[in-house]
Each structure stands twice: as structure tokens, then as C-alpha cells.
Amino acid sequence: MKALTIPASRTSMRGCTRSISATVSNLRARIEARTCLAIAILAVIVLFACLGAMYVPGIVISGLTALTCAAVAPIREGGAL
């Protein structure tokens with residue numbers, strides 16, 4: 001019986017984390033603050049509409065979209081967009 005081996009082409013967790021971090025940094029650099037704010041506001045409006053209709057998939061998707069926009073939004077000093 002052969003021993004189980006991990007192929008060398010498999011990415012490590014550290015490499016995967018670096019890749020995700022680089023992707024988020026690139027995304028932050030490309031998105032304008034006004035665009036991100038508009039998407040977040042729209043997602044919150046859709047969230048409340050789905051809450052009123054009790055549509056669970058819409059609640060989950062719009063809630064995650066609003067949270068993602070808040071996390072990825074470019075932050076500028078001085079509070080000006």
C-alpha cells in the first residue's frame with residue numbers, strides 16, 4: 001500500500017490567504033466610494049423589502065451584499081466622498 005502524499009501543486013493556506021488579500025486590495029483600489037455607497041444603500045432597501053415579503057433567499061443575498069459593500073468600501077480621511 002502506498003503512502004498518501006500531498007501533491008506539490010496544491011496551494012497552501014498561507015498562499016490562499018495571500019491571494020484573497022491581494023484580490024480584496026485590488027478591488028478596494030478600483031471601486032469608487034460613491035459606487036460602493038450606492039450599492040450598499042440599494043442592498044439595504046432590497047433587504048427590507050425582502051423582510052416585508054418574508055423571502056428568505058433575498059434576505060440572505062441582500063444582507064450579505066450590504067455587509068460586503070461595507071467591508072470593502074474604500075475609506076477616505078476627512079469623511080468626504
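Please read all numbers here as calculations on a predicted model, not as lab measurements. (Residues numbered from 1 in each chain as written. Predicted model: local features only at pLDDT ≥ 70, side-chain atom pairs only at ≥ 80, totals over all residues. Heavy atoms only, no water.)

Draft legend 1. Layout of the overall build of the chain. Of the regular secondary structure elements, the chain holds three helices and zero strands. Reading the helices (α) and strands (β) of the chain from amino to carboxyl end gives α-α-α. For the chain, the proportion of its 81 residues judged to be buried stands at 17%. Counted over contacts in the chain with a minimum sequence separation of 6, partners at least 24 positions apart contribute 63%. Here the chain has roughly 6900 Å² of accessible surface; of this, 68% comes from carbon and sulfur atoms. (Helix = DSSP H or I, 4+ residues; strand = E, 2+ residues; numbered from the N terminus. Buried < 20%, exposed > 50% of the residue type's maximum accessible area, 1.4 Å probe, protein only. Contact = heavy atoms within 4.5 Å. Areas by Shrake-Rupley, 256 points an atom, 1.4 Å probe, with all protein chains shown as cover.)

Draft legend 2. Spatial organisation of unusual backbone geometry. Phi angles above zero are rare outside glycine, and Met54 is one such case at about 55 degrees. Structurally, Met54 is set in the loop between helix H2 (33-53) and helix H3 (56-72). By relative accessible area, Met54 is classed as exposed at 69%.

Draft legend 3. Spatial organisation of the side chain of Ser62. Tracing the chain through its elements places Ser62 in helix H3. Overall, Ser62 belongs to the buried group, its relative accessible area being 5%. If sequence neighbours within four positions are ignored, Ser62 has contacts with Ala43, Val46 and Leu47.

Draft legend 4. Looking closely at the packing of H2 against H3. Where H2 contacts H3, the axes come no closer than 8 Å and their chain directions differ by 155 degrees. Judged by the inter-axis angle, H2 sits roughly antiparallel to H3. Judged by the twist between their axes, the crossing of H2 over H3 is left-handed. Each of Cys36, Ile39, Ala40, Ala43, Val44, Val46, Leu47, Cys50 and Leu51 in H2 lies in contact with H3, whose residues at this interface are Gly58, Ile59, Ser62, Gly63, Thr65, Ala66 and Cys69. Its residues placed into classes, the contact of H2 with H3 shows 12 nonpolar, four polar and no charged. (Axes fitted to C-alpha atoms, helices over the stretch in contact; angles between N-to-C directions. Parallel < 35°, antiparallel > 145°, perpendicular 65-115°, else oblique. Left-handed = near helix turned anticlockwise from the far one by under 90°. Nonpolar A, V, L, I, M, F, W, Y, C, P; charged D, E, K, R; others polar.)

Draft legend 5. Molecular detail of a nonpolar patch on the surface. There is a patch of nonpolar side chains on the surface, built from Val56, Val60, Ile61, Leu64 and Leu67 and spanning about 510 Å² of accessible area. For Ile61, the position within the fold is in helix H3. Judged by its relative accessible area of 57%, Ile61 is exposed. (Patch = residues over 30% accessible without salt bridge, like charges linked within 9 Å, V, L, I, M, F, W, Y side chains within 5 Å. Salt bridge = Lys/Arg side-chain N within 4 Å of Asp/Glu carboxyl O.)

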